[in-house]
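If you want the building blocks of each chain, they are given just below.
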Amino acid sequence: MKHIQATVKLLSGLSLGLMLQTAWAGNITDIKVTSLTDSKKIVKIKFDRDVVEPKGFVTGTPPTIALDFGQTGINLAQQDFQYNDSLLGKILAAESNGRARLAIDLRSNSEYYTERKGDEIWVYITSKNAIPNITESVKTTATNTSTIKNNNASSQLSSNNSDDIGHSGVGIDFKKGNGGRGEVTLNLPTPNTRFNVQKNNDRLIITLPDTSINAAEQKKLDVTTFGTPVRFVNLTRNNAQTQLEIVTSGPWSYQNKLENGRQVFHILPQSNIAQAGLIKKNQNFKGTRVTLDFQDVEVRTILQILAKESGMNIVASDSVRGNMTISLKDVPWDQALQLVMDSRNLDKRQNGNIIKIAPREELIAQEKEELTNAKELENLGPLLSQSFQLKYKSVEEFKTVLDIKTGSSNSGDTKSILSARGSALIDPATNTLIINDVSSVIKKMQALVEELDVPSQQVMVEARIVSATTNFGRELGVRWFGQHTSSSTKPSTGIGSAIPSSNTTTTGNNAWAGPMGFSNSPSVNLGVQAATSSIAIVRQTLSGALGLELSAAESEGKTKTISSPRVLTQNGKKAEIKSGTEVPYQEASSSGATSVSFKEAVLGLTVTPRITPDGNIIMDLDVTNDSVDSTCTASEPCIKTNNLNSTVMVENGGTIIVGGIYKQDLNNATSKVPLLGDIPVLGNLFKYQKKVDNQEELLIFITPRIMSATGSNLRY
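In this text, all values refer to a predicted model and were calculated from it rather than measured experimentally.

What about the overall build of the protein chain?
For step 1, the next point in the chain: Counting secondary structure elements, the protein chain contains 7 helices and 42 strands.
For step 2, the next point in the chain: Across the 716 residues of the protein chain, 37% fall into the buried class.
For step 3, the next point in the chain: The long-range share in the protein chain, meaning contacts at least 24 apart out of those at least 6 apart in sequence, stands at 63%.

This is the structure in structure tokens:
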């Protein structure tokens, strides 16, 4: 009996555990891919709670990694993730019978292992051509195996290969190379695919004119965290051609090489010249090793010995004099020569196998004289004339940038790129710059034109001005009247604001001029101005009359106005858009004459955008939303002004609230008859009450978009 009870308790505990597990099952909420190198990837699977270790197996050709997560659901925006990568094909997600399955299609045989990282499961995938030393216990080889049957047809996920219909074969990858360089790999459909390379200040643009990719192959890689000159890598489709844009920051240069049938673009960082000048470089000496041991010997003799040991021709100036003591053992001859020059303040100039040794001041003086003579000869040389037709810059703007003086020589102006004899002319009709100067200046100008005359990106700036108004008002009042008369008439009582009248003195909807024909005003008048409704009771007795009228008014209104000006402009260019009216008014002068002047009441947007190297947008904003105040009684029109002037930075495509105004007007007023109005309950018949609650709210939203920023996002 005890064994049966123990068994029942055990089964109850297991059932409760399964129920709790089912109740607390988590969901897969996100899948991200991180690229370490071409042959190493990390698939990051994020859970909202209750992370489950997967059970995996491999099937298919090319191999597919199938990972099963028990008691797990799928809460993803999409269940099909496409990657145009040398190792990773696509990731499919499916859910059935309380479990989730991820199928990771590979393009080559690889190894993988899984590891839990907080609320994520990381799947490390490594190509078999570059397998690291993996010591983790959870490790599986993704190779071709026998087909694994599964009776649940709904969870079967088909594999993917690189020959899918619609794939162009174009793909990109990124990795960090030696020396802080960024390496962007471009997969081409064929090794002979034609492409064009254009280098701008902050980006490298590669265009494939005869190749088009599909929407799934478009990518945007954010590689800022790698610490290289590369910030973003964008692969986009532009009509019938494909464009690869490498966005950079800081000084850089590039090299492109064909490696393993793929084009690799090496983005190399350039050192800061100011800092490099302060750092003394370590010299690498590779000469034949010599041993010197002399005491108080002439420097010229030591130089002669070093010339014989090295096989070089060393020529010493006549000003090289003095003796020195030296003791060196087994050192390179060029290092020994450097020590001798440093100790005697000497320097060298080498041309082929001839080394000239002289005091440092003497060599510097000779070089200055040579440079001065060369400059004089250059200035005396013939003047050349060359025209530059600008494509994207305005010739007036280009002249301002280069500080060119037009129409005459510069007369030695050191701020101008032109020489003292040079001059520049502009032709705005053809947007042409004409330079007349020496050959060296012409070459400088040509390099500057190539660097500065580049197309600017365009920015669409949209402002949304939302104005919401809520109005509420309530008024309640009374009017009393009493009259005594000695005439005998038939008593009558009237109720309503339009009592029927048989008297010819009745004045419309006036209850007081009803069948009694009263002409006097109420004795107590606490009524509502322009009441929307009223109730009047008039009682006539044999000798008099008593009347009461309750009047009330209540108003409620809601208003919402959305204004959305938008403007397109180039990077760094000011743009302005206005829409509204000009209100005319009479203006008098001191002589008494009058003239018509105008005031603007417009909705306007003035913006100057600047695109940063990391893809954000800095904007100088001036937003105006004015309207005419119809309640103003001044001689000149009154303008209700809503204006914002600010400088903000927003990410591309992001929306930011740059300003807002909230205004609330509360008003509670009471008018009453002294003493009588203070009586509880009955005092309300001797009161006039007014309540007003007006609310106004103004919000300004700004959304900038770089027009060339397209493509799907894959964050690295």
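Let's talk about the pattern of salt bridges
For step 1, the next point in the chain: Evaluation of the coordinates by the stated rule reveals 19 salt bridges.
For step 2, the next point in the chain: Residue Asp347 is joined to Arg360 by a salt bridge in which the shortest nitrogen-to-oxygen separation is 3.8 Å. Pair noted here: Asp347 is in strand β24 (residues 346-351) and Arg360 is in helix α5 (residues 360-379), with a separation of 13 residues, a long-range link.
For step 3, the next point in the chain: Overlapping salt bridges bring together Asp347, Arg349, Arg360 and Glu367 as one network.

A word on the packing of aromatic side chains
For step 1, the next point in the chain: Under the counting rule described, the total for this entry stands at 5 aromatic pairs.
For step 2, the next point in the chain: Taking 4.6 Å as the distance between ring centres and 10 degrees as the angle between the ring planes, the aromatic pair formed by Tyr113 and Tyr124 counts as stacked. Taken together, the residues Tyr113 in strand β9 (residues 110-117) and Tyr124 in strand β10 (residues 120-127) connect sequence positions 11 residues apart. The two residues Tyr113 and Tyr124 agree in class, both being buried.
For step 3, the next point in the chain: Aromatic pair Phe174 and Phe226: ring centres 5.3 Å apart, planes at 80 degrees, arrangement edge-to-face. Of this pair, Phe174 sits in strand β12 (residues 171-176) while Phe226 is found in the loop between β16 (219-222) and β17 (230-238), placing the two residues 52 residues apart along the sequence.
For step 4, the next point in the chain: Residue Phe174 is classed as buried on the basis of its relative accessible area of 0%.
For step 5, the next point in the chain: We classify Phe226 as buried; its relative accessible area is 18%.

Details of the state of the cysteines
For step 1, the next point in the chain: Within the structure shown, the criterion is met by 1 disulfide.
For step 2, the next point in the chain: Across the disulfide from Cys632 sits Cys638; the S-S distance is 1.9 Å.
For step 3, the next point in the chain: Look at Cys632 and you get partly exposed, because its relative accessible area is 27%.
For step 4, the next point in the chain: Given a relative accessible area of 21%, Cys638 falls into the partly exposed group.

Notes on the nonpolar core
For step 1, the next point in the chain: Counting residues in hydrophobic clusters, the biggest one holds 27 residues, and the most contacted among them are Ile28, Val43, Ile45, Phe69, Ile104 and Ile125.
For step 2, the next point in the chain: Contributing elements (two or more residues each) for this core: β1 (27-37), β2 (40-47), β4 (64-70), β7 (88-96), β8 (99-106) and β10.
For step 3, the next point in the chain: Among the elements that line this core, the one with the most residues is β8, at 4 residues.
For step 4, the next point in the chain: Counting 23 residues, the second largest nonpolar core, distinct from the first, contains Leu306, Val331, Leu337 and Ile355.

Side note on the sheet that holds strand β13 (residues 182-187)
For step 1, the next point in the chain: Spatially, 4 strands are ordered β12-β13-β20-β19 in an open sheet, and the strand pairing comes out antiparallel. Sheet topology places β12 and β19 (252-259) at the edges, where each strand pairs with a single neighbour. Pairwise comparison of adjacent strand axes, ignoring direction, gives a mean angle of 20 degrees for this sheet.

Focus: the packing of helix α3 (residues 299-310) against helix α4 (residues 333-343)
The axes of two packed helices give the description: the angle between them and the distance between them.
For step 1, the next point in the chain: Running from amino to carboxyl end, α3 crosses α4 at an angle of 165 degrees, the nearest separation of the two axes being 10 Å. One finds that α3 runs roughly antiparallel with respect to α4. Between α3 and α4 the crossing geometry is left-handed. Residues Val299, Ile302, Leu303, Leu306 and Ser310 of α3 pack against Trp333, Ala336, Leu337 and Val340 of α4.
For step 2, the next point in the chain: Taken together, the residues of the contact of α3 with α4 break down into 8 nonpolar, 1 polar and no charged.

Some points on α3
For step 1, the next point in the chain: Under the 1.5 Å per step criterion, the end-to-end length of α3 is 16 Å for 12 residues, consistent within 8% with the ideal 16 Å.
For step 2, the next point in the chain: For α3, the set of buried residues is Val299, Ile302, Leu303, Leu306, Ala307 and Ser310. For α3, the angular spread of buried residues about the axis comes to 140 degrees, placing them on one side.
For step 3, the next point in the chain: Buried residues along α3 sit in contact with β21 (289-298), β22 (313-316), β23 (323-332), α4, β24 and β25 (354-359).
For step 4, the next point in the chain: The positive-phi residue at the C-terminal boundary of α3 is Gly311, with phi of around 80 degrees.

Examining the sheet that holds strand β14 (residues 196-199)
For step 1, the next point in the chain: On the basis of which strands lie adjacent, the open sheet formed by 5 strands has the order β14-β15-β18-β17-β16 and antiparallel pairing. Of all the strands in the sheet, just β14 and β16 have a single pairing partner and so form its edges. Within this sheet the neighbouring strands show an average axis-to-axis angle of 10 degrees, counted without direction.
For step 2, the next point in the chain: Sheet analysis places β16 next to β17, joined by 4 bridges and oriented antiparallel. When the bridges of β17 are listed, Leu221 appears paired with Val233.

Quick notes on a nonpolar patch on the surface
For step 1, the next point in the chain: A cluster of nonpolar residues, Leu676, Ile679, Val681 and Leu682, forms a patch on the protein surface that exposes about 370 Å² of accessible area.
For step 2, the next point in the chain: The residue Leu682 is located in the loop between β41 (656-672) and β42 (687-706) in this model.

Looking at unusual backbone geometry
For step 1, the next point in the chain: The phi angle at Gln71 is positive, at roughly 50 degrees, despite the residue not being glycine.
For step 2, the next point in the chain: With respect to the helices and strands, the residue Gln71 is situated in the loop between β4 and β5 (73-74).
For step 3, the next point in the chain: You will see that Asp330, though not glycine, has its phi angle at about 55 degrees, which is positive.
For step 4, the next point in the chain: Relative to the helices and strands, Asp330 is located in strand β23.

A word on the pairing of β13
For step 1, the next point in the chain: Within β13, 6 of the 6 residues are buried, which leaves the element mostly enclosed by the surrounding structure.
For step 2, the next point in the chain: Side chains Gly182, Val184 and Leu186 project from β13 onto one buried face, and the interleaved Glu183, Thr185 and Asn187 project onto a second face that is buried too.
For step 3, the next point in the chain: With 6 bridges connecting them, β12 and β13 associate as antiparallel partners. By the bridge assignment for β13, Asp173 is matched with Thr185.
For step 4, the next point in the chain: In textbook terms, the turn of a hairpin is the stretch between consecutive antiparallel strands, and for β12 and β13 this stretch comprises 5 residues, one of which, Gly179, has a positive phi near 70 degrees.
For step 5, the next point in the chain: Strand direction decides the pairing type here: β13 and strand β20 (residues 262-269), joined by 5 bridges, are antiparallel. The residue of β20 that forms the bridge with Leu186 is Gln263.

Parameters at a glance
The numbers attached to residues start from 1 for each chain and follow its sequence in the written order. Residue-level local features of this predicted model are given only where pLDDT is at least 70; pairs of side-chain atoms are given and counted only at 80 or more, and the full residue set underlies all totals for whole chains, interfaces and linings. Side-chain calculation: all heavy atoms of the structure are included, whereas hydrogens and water are not. Secondary structure elements are defined from DSSP: runs of H or I of at least 4 residues count as helices, runs of E of at least 2 residues count as strands, and each element is numbered from the N terminus. The buried label goes to any residue with under 20% of its type's maximum accessible area, the exposed label to any with over 50%, and the partly exposed label to all in between, with areas taken from a 1.4 Å probe on protein chains only. Only heavy atoms matter for contacts: two residues are in contact if any of them lie within 4.5 Å across the pair. In what follows, salt bridge is the name for a side-chain nitrogen of Lys or Arg lying within 4 Å of a carboxyl oxygen of Asp or Glu. Here is the rule: rings of Phe, Tyr and Trp (six-membered ring for Trp) pair when centre to centre is within 6.5 Å. Planes less than 30 degrees apart are stacked, more than 60 are edge-to-face, and the remainder are tilted. The criterion for a disulfide is a pair of cysteine sulfur atoms lying within 2.5 Å. Definition used in this section: a nonpolar core is a set of buried Ala, Val, Leu, Ile, Met, Phe, Trp, Tyr and Cys residues joined via side-chain atoms within 4.5 Å. Two strands pair if DSSP finds at least two bridges between them. For helices, the fitted line uses only the C-alpha atoms of the stretch in contact; every axis is such a line through C-alpha atoms, and the angle between N-to-C directions lies from 0 to 180 degrees. An angle below 35 degrees is treated as roughly parallel, one above 145 as roughly antiparallel, one from 65 to 115 as roughly perpendicular, and anything else as oblique. Here is the rule for handedness: rotate from the far helix to the near one, and if that takes an anticlockwise turn smaller than a right angle the crossing is left-handed, while a clockwise turn gives right-handed. In this classification, Asp, Glu, Lys and Arg are treated as charged, Ala, Val, Leu, Ile, Met, Phe, Trp, Tyr, Cys and Pro as nonpolar, and every other residue, Gly included, as polar. Between the first and last residue of a helix there are one fewer steps than residues, each counted as 1.5 Å, and that sum is the expected span. It is the directions from the helix axis to the C-beta atoms whose arc is reported. Patch rule: a residue counts if its relative accessible area is over 30% and it has no salt bridge; like charges are joined within 9 Å, and nonpolar side chains (Val, Leu, Ile, Met, Phe, Trp, Tyr) within 5 Å. Each accessible area is a Shrake-Rupley estimate made with a 1.4 Å probe; only the visible protein chains count as cover when residues are assessed.

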